[in-house]
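# Close look at the chain arrangement
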Amino acid sequence: MTQIDLQSFGFIIGTIITVVVNLENALEIWYWTKFYHGTLWMTIIIYFLFYMVAYSTTFSKIFRVNFDYVGVAQSVLFTGHFWLVLLLICAILLLPVYCREFYRIRFQPNETDKARINQKYRHEEKAEFITEFRQKVQLKKQLARSSYAFAQEEGWGPLITSGRMQVRPNPYSRTSHDLGMLHASPSHSDNLRNLAETL
Amino acid sequence: MPGQGETEEDHEQQKSKKPADTAFKQQRLPAWQPIITANTALPVFLIIGLTFIPIGIVLVITSERVLEHDIDYTDTNCMSTTAANTTCAQALENANYTGQTCTCRINFALDKSFDGDVYFYYGLINYYQNHRRYVRSRDDNQLLGKEGAAASECQPFQKNSTGSGKDYAPCGAIANSKFNDTLSLLYGSENVSVTNVGIAWSTDKAVKFKNPDNASNYFTSTHDKPPNWKVTAWELDESTSENNGYQNEDFIVWMRTAAMPTFRKLYRKLLRNSTFQNGLPKGDYTLVVTYNYPVTSFAGRKQFIISTTSWMGGKNPFLGWSYIAVGIVCMITFVVFFILHKTWKINNPFTYQMASIQNNQRITTT
């Protein structure tokens, strides 16, 4: 047997909808700028303030209007029961979305998720990897230089033209700030071969 | 020469089209970029589980402490004191609902004393006060005591078209269907002292209902009482003038339309003096009913409810159990995800850039 009246019931449903919808939107947002923070929290706050003013008795007296909803905000918002119900329904409606997102990102990440996690979290691993890699690239560069130098001397021609000292083109490399890697240009080895053939 | 001048102007115009180099226009605003990872999500589940279960337990305990006693007096419980072997419902039906009244007495016992403030309600089942046309059938301006004809929203309870042609005061279907049973309690032979003020919303009483000037003339001569009422509005409580007419609190409580077809409305409050200082003592009671309100024609039922309250309102265990259920589901989710997180190794899902470079390394050094 409930004691609640029709207008309070409608107001409760409306309030819960506003809060839940805003929070579900918040779960979808990736970039929380200050504009988004402002929009989100001000929507909810202004909703409550607006209805507290609109349904107050002073408003009704000033504008001399008499409508069903006068006093509803006061009777609903100042009971602990309503806030407990709001908290429970937010939890019931938002947790499944949260679970779904967590499951997807942790166990079935798509490329976008992997890129986001990469960008945000893997700084230390990437730094170590880069220093290790850079040493190997530097070693390779020394080798390439020395094989070119040998080409100027007698007897190194066959070694050069055999292709064993070639620096292969790297199809996966890209210039990025992280790696600071230089291209190994395919045209460099072609030049070598042409030069050796002309000798 | 003219060609060069044009290109310079074009060049300047083209330069000025570029948006300003502020953080807002170049989309460099500082932003928080949250990603749901295991380190953030698992504690969330744990915390929600650990807070909801105690809240639920507190709510269930609070609700269990609320004492309630219902008496359904629609038909078989309420036997007429005047006609032999008929229920009051039957007696009203036999008289074809022409305004007959019927009294009955119901004996019951409270096996626990109801300490603290005790409230008396009347409950109605299968009564749709939330029907849309019914809810609209009222005139709020008339209820403020303003001059003017009753609104057309009140049709067909706007004016007495078959009789005198005067407006009904109050008009509308909600007012016409006002609950008019009288329920009183006897403790042994003593009347239980109750009060009928302080039961309506304070905002309603302050702002929404006001008696017109010259009220007795208004209610008796210039306006008619609604067809289903036995008395005019000016006779609702003749002992207290602030509780009479439109400002009668029983009337105000009835005009607040209920949201559900099973509802209860506050009827009286216990006045705590002499024997009832601490509430209702346990013992034998008698409910005296003046049965005026017919509900059997639409399979409705009437109840008289005695209840104490808590900070949360009346007896409501459902909220507590919901909290406990959600808390338990959260804890189970936490355990399941924790186990999955530790055991399910995906094939290096995050080495997107690094895997390709590592593959590269293997090709070029062999």
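Calculation rules
- Residues numbered from 1 in each chain as written.
- Chains lettered and ligands numbered in written order.
- Predicted model: local features only at pLDDT ≥ 70, side-chain atom pairs only at ≥ 80, totals over all residues.
- Heavy atoms only, no water.
- Helix = DSSP H or I, 4+ residues; strand = E, 2+ residues; numbered from the N terminus.
- Buried < 20%, exposed > 50% of the residue type's maximum accessible area, 1.4 Å probe, protein only.
- Areas by Shrake-Rupley, 256 points an atom, 1.4 Å probe, with all protein chains shown as cover.
- UniProt positions renumbered as here; feature names shortened; annotations may be inferred.
- Contact = heavy atoms within 4.5 Å.
- Buried area = accessible area lost by both parts, 1.4 Å probe.
- Salt bridge = Lys/Arg side-chain N within 4 Å of Asp/Glu carboxyl O.
- Polar contact = N/O pair within 3.5 Å; in protein donor to acceptor, adjacent residues only side chain to side chain.
- Pairing = 2+ DSSP bridges.
- Domains from an automatic or database assignment.
- Disulfide = S-S within 2.5 Å.

### Description of the overall build of chain A
Tallying secondary structure elements over chain A gives nine helices and zero strands in all. Helices (α) and strands (β) of chain A occur, in sequence order from the N terminus, as α-α-α-α-α-α-α-α-α. Within chain A, buried positions represent 35% of all 199 residues. Summed over its atoms, the accessible surface of chain A is roughly 12,700 Å², and 62% of this surface lies on carbon and sulfur atoms.

### Points about the UniProt feature "transmembrane region" (unreviewed entry) in chain B
Residues and elements named next belong to chain B. As recorded in UniProt, the feature "transmembrane region" (unreviewed entry) lies at residues 41–61 and 318–340. Regarding residues 41–61, the helix share stands at 100% and the strand share at 0%, and the terminal C-alpha atoms are separated by 31 Å. Each end of residues 318–340 is marked by a C-alpha atom, and these two atoms are 33 Å apart; helix forms 100% of the span and strand 0%.

### A short note on the environment of B:A233
If you trace the backbone, B:A233 turns up in the loop between α8 (215–222) and α9 (249–255). Each residue touching B:A233, except ones within four places of it in the same chain, is listed here: B:A169, B:P170, B:F219, B:N244 and B:G245.

### Focus on the interface of chain A and chain B
With 66 residues of chain A in contact, the opposing surface of chain B contributes 72 residues. Summed over both partners, the interface of chain A with chain B comes to about 6,500 Å²; 67% of that surface belongs to carbon and sulfur atoms. On the chain A side of the interface with chain B, the three residues burying the most area are A:M1, A:N66 and A:F102, jointly 12% of the side's total. On the surface where chain A and chain B come into contact, there are two salt bridges. Linking chain A with chain B are 15 residue pairs in polar contact (both at pLDDT 80 or more), by the criterion used here.

### Thoughts on the environment of B:S80
All names here are of chain B. Among the secondary structure elements, S80 is positioned in the loop between β1 (68–72) and α3 (88–94). As for S80 and C102, which are separated by 22 residues in sequence, their C-alpha atoms are 6.2 Å apart. Not counting chain neighbours up to four residues away, the residues in contact with S80 comprise T86, T87, C88, C102 and T103. For S80, the side chain forms a polar contact with the side chain of T82, separated by 3.1 Å. There is a polar contact of 3.1 Å between the side chain of S80 and the backbone nitrogen of A83.

### A word on the sheet that holds strand β7 (residues 194–195) of chain B
Residue and element names in this part refer to chain B. Within the open sheet, the five strands sit side by side as β1-β11-β4-β8-β7. Their pairing is antiparallel. On the outer flanks of this sheet lie β1 and β7, each paired with one strand and no other. Bridge count for strand β4 (residues 118–125) against strand β8 (residues 263–270) is six bridges, and the pairing is antiparallel. Within β8, the residue paired with F120 across the bridge is R268.

### Quick look at the pattern of salt bridges
All names here are of chain B. For the structure on display, the rule yields 16 salt bridges over all chains. The partner of E153 in a salt bridge is R136, with the nearest N and O atoms 3.1 Å apart. Here E153 is found in the loop between α5 (140–143) and α6 (173–176), whereas its partner R136 is found in helix α4 (residues 132–136), with 17 residues between them in sequence. Note on R136: relative accessible area 35%, which makes it partly exposed. In this structure, K205 and E249 form a salt bridge, with 3.5 Å as the shortest nitrogen-oxygen distance. In this pair, K205 sits in helix α7 (residues 202–208) while E249 sits in helix α9, placing the two residues 44 residues apart along the sequence.

### Some words on the sheet that holds strand β10 (residues 283–291) of chain B
All names here are of chain B. Read from one edge of the open sheet, four strands run β2-β10-β5-β6, paired in antiparallel fashion. Every interior strand has two partners, whereas the edge strands, β2 (102–110) and β6 (190–191), have only one. One ladder, built from six bridges, connects strand β5 (residues 182–187) with β10; its direction is antiparallel. Looking at the pairing, L183 lines up with V289 of β10.

### Regarding the domain arrangement of chain B
Segmenting chain B into domains produces domain 1 (38–54 + 320–361) and domain 2 (67–309). Taking only C-alpha atoms into account, the centre of domain 1 of chain B sits 56 Å from that of domain 2 of chain B.

### Brief notes about the state of the cysteines
Residue and element names in this part refer to chain B. Inspection of the entire model under this criterion finds three disulfides over all chains. Sulfur-sulfur distance for the disulfide between C78 and C104 comes to 1.7 Å. Where C78 bonds to C104 through sulfur, the torsion about that S-S bond is close to -90°, and the disulfide is left-handed. Taken together, the residues span a long stretch of sequence, with C78 in the loop between β1 and α3 and C104 in strand β2 at a distance of 26 residues. Per residue, the accessibility class of C78 equals that of C104, and both read buried. At a sulfur-sulfur separation of 1.9 Å, the disulfide partner of C88 is C102. Between C88 and C102, the S-S dihedral sits near -80°, and the bridge is therefore left-handed. Remark: C102 occurs in strand β2 and C88 occurs in helix α3; sequence separation between them is 14 residues.

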